[in-house]
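Below are the chains, spelled out letter by letter.
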Amino acid sequence: MADLDTNFNNLTKYQIICKYIENVNRLKSAASDRNDLEFSKFLIDHLNRYTFPSYSTNLIKSVKEYKRKIVWWIFTLLVAYTCLSWKHEASSLFLRHIQSSIYPGMKFWRKFTLPIIAQYPTLNEFYDESCLFGNPIFTVTDLDCKPCSNVANVLDLSNYKDVSPSGQPFMFKSQQKLVTMRNIYEIYLANEAIFRQDAFRVLSTNHDIRNLEELTSDFLNTSLQTESHSRWRCNRMHPARILREIFPRPQQLPKTGMALERFLLIDTPAAKPYPFPDTECSNVFVLQAAGTRTILLRPTSECHHMCRTLSVRLPTSYVLTYDWWYWRPVSIPDSYTSATSIAYIGSYC
């Protein structure tokens, strides 16, 4: 009895067709020597021996695999539906049983991270961060833009003792004395250990400036100075108290809680435009301690259709206040000054 080669695995399409033609020719040769009954019996026996077992095995495997996937998806959907239907009960049950494990878990986590902190002490800077990653596409869909819709300019309220935030930006002359880089350098030398531990890093467009010491050295050595914008951030108690000695709180500001976070923006006369940093509280004040900068108050994306862009020149000792719910300021160089600009930024809630 003729044998047919039914193994078509790992063959190209051309090889499969050639083997198929060869098998058909063998069947023709076998049929010429037998009558119809014998040939039918031969064909059925051959297919039972070769084709049916291999294809049935693959078919069974495929059915089992699809069945397993269907059961898994049904189980997942049932679990998701149960969690959504009983989410309040499930969360209450979870919190009830996890309460006793929170403190031991945090204690274990602290012991686990101590060697990492000892190896990389700069990670301590993230402890006092209120937000590690900002959301650049965050918007408020129902923000009321009326407080800024009728604002045509920035008012000078120097003759008013008490002012209250209303969404409208304003400025006033403070009692702030002129602060130079020499003053900042002296404060740094007198409290070097505190600043090195709690507020040493500086962000600058000049890549040679990475910390407070390099910043003061660069600005005191004006012969080798390049145009730059530098930002020094302080969000810890000890350096904030020291900065308060040379940057006292403006008296005209409301008697409300002052945020701990402070910024010091130090610019060369022709430093390129840059946006002000985001602060903890929405009511922001900018104290110009030295030099002059021009501030563009641009409306936020939620209010740009109702509010206009404002411009104000901020000379030494003047304070600008605004609400970042409505305004996103940009600092640009002032064409009438050649002095270094030092701006002190804080916020209050």
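See above for the structure.
Scope of this entry: the structure provided in the associated data block. For clarity, every value in this text was computed on a predicted model and none was experimentally measured.

## Some words on the side chain of Ser 341
Reasoning step 1: Summarising the element assignment, Ser 341 is placed in strand S12 (residues 341-348).
Reasoning step 2: On the accessibility criterion, Ser 341 (1% relative accessible area) is buried.
Reasoning step 3: Side chain to side chain, Ser 341 and Gln 288 meet in a polar contact 2.8 Å long.
Reasoning step 4: When residues no more than four places from it in sequence are discounted, the contact partners of Ser 341 are Leu 265, Ile 266, Asp 267, Gln 288, Ala 290, Gly 291 and Arg 293.

## Notes on the environment of Gln 252
Reasoning step 1: Relative to the assigned elements, Gln 252 resides in the loop between helix H8 (237-246) and strand S5 (262-267).
Reasoning step 2: Overall, Gln 252 belongs to the buried group, its relative accessible area being 11%.
Reasoning step 3: Separated by 91 residues in the primary sequence, Gln 252 and Lys 161 place their C-alpha atoms 5.4 Å from one another.
Reasoning step 4: Side-chain polar atoms of Gln 252 contact the backbone oxygen of Lys 173, separated by 3.3 Å.

## Re the nonpolar core
Reasoning step 1: Membership of the largest hydrophobic core comes to 34 residues, with the highest contact counts inside it found for Phe 247 and Ile 342.
Reasoning step 2: At the level of elements, strand S2 (170-173), helix H5 (181-190), helix H7 (212-220), strand S4 (229-234), H8, S5, strand S7 (283-290) and S12 are the ones that each hand at least two residues to this core.
Reasoning step 3: Once residues within four sequence positions are removed from consideration, Ile 342 is found in contact with Val 179, Thr 180, Met 181, Ile 184, Phe 247, Leu 264, Leu 265, Ile 266, Leu 287, Gln 288, Ala 289 and Ala 290.
Reasoning step 4: The next biggest cluster of nonpolar side chains, apart from the first, holds 26 residues, and it includes Met 171, Leu 265, Ile 295 and Trp 324.

## Here we look at the sheet that holds strand S11 (residues 327-333)
Reasoning step 1: Pairing is antiparallel in the open sheet, where four strands are placed in the order S6-S11-S8-S9. Whereas interior strands pair on both sides, the edge strands pair on one side only; in this sheet they are strand S6 (274-275) and strand S9 (310-314).
Reasoning step 2: As defined by bridge partners, strand S8 (residues 293-299) adjoins S11 across seven bridges and the pair is classed as antiparallel. Considered in S11, the bridge of Pro 299 is made with Trp 327.

Calculation notes
Residues numbered from 1 in each chain as written. Predicted model: local features only at pLDDT ≥ 70, side-chain atom pairs only at ≥ 80, totals over all residues. Heavy atoms only, no water. Helix = DSSP H or I, 4+ residues; strand = E, 2+ residues; numbered from the N terminus. Buried < 20%, exposed > 50% of the residue type's maximum accessible area, 1.4 Å probe, protein only. Polar contact = N/O pair within 3.5 Å; in protein donor to acceptor, adjacent residues only side chain to side chain. Contact = heavy atoms within 4.5 Å. Core = buried A, V, L, I, M, F, W, Y, C linked by side-chain atoms within 4.5 Å. Pairing = 2+ DSSP bridges.

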